[in-house]
Amino acid sequence: MHRLVRPLKGRMIAGVCQGIADRFGCSVVPVRVLWVGSTVFFGVSILMYLLFWILMPDEH
């Protein structure tokens, strides 16, 4: 497994979903679909995304 970082390649906005997918060794598509779905239905994911964006370090 990789560290939880925001990669420089594969980003759509800030790289949060790509970093989560890399960390757990899965495809980024289901992570993005779940994130968008939870944002649409619950709204809390926007705040979580911003928090991850701030707390997750960039890949060097």
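Right, let's walk through the structure included here.

**Considering the nonpolar core**
Right, on to step 1. Core analysis: the biggest nonpolar cluster contains 10 residues, these being Ala14, Val16, Cys17, Ile20, Ala21, Val28, Val31, Trp35, Tyr49 and Met56.
Right, on to step 2. Going through the elements one at a time, α1 (16-24) and α2 (28-42) are the ones with two or more residues in this core.
Right, on to step 3. It is α1 that provides the largest number of residues to this core, a total of four residues.
Right, on to step 4. What valine 16 contacts, discounting residues up to four positions off in sequence, is Arg6, Trp35, Tyr49, Phe52, Trp53 and Met56.

**Brief notes about the packing of α2 against helix α3 (residues 44-55)**
Right, on to step 1. For the pair α2 and α3, the least separation of the axes is 6 Å and the interaxial angle reads 130°. Comparing their axes, α3 and α2 come out oblique. Contacts between α2 and α3 involve Trp35, Ser38, Thr39 and Phe42 on the former and, on the latter, Val44, Ser45, Ile46, Met48, Tyr49 and Phe52.
Right, on to step 2. Residues belonging to the contact of α2 with α3 are distributed by class as follows: seven nonpolar, three polar and no charged.

About the criteria used
Residues numbered from 1 in each chain as written. Predicted model: local features only at pLDDT ≥ 70, side-chain atom pairs only at ≥ 80, totals over all residues. Heavy atoms only, no water. Core = buried A, V, L, I, M, F, W, Y, C linked by side-chain atoms within 4.5 Å. Buried < 20%, exposed > 50% of the residue type's maximum accessible area, 1.4 Å probe, protein only. Helix = DSSP H or I, 4+ residues; strand = E, 2+ residues; numbered from the N terminus. Contact = heavy atoms within 4.5 Å. Axes fitted to C-alpha atoms, helices over the stretch in contact; angles between N-to-C directions. Parallel < 35°, antiparallel > 145°, perpendicular 65-115°, else oblique. Nonpolar A, V, L, I, M, F, W, Y, C, P; charged D, E, K, R; others polar.

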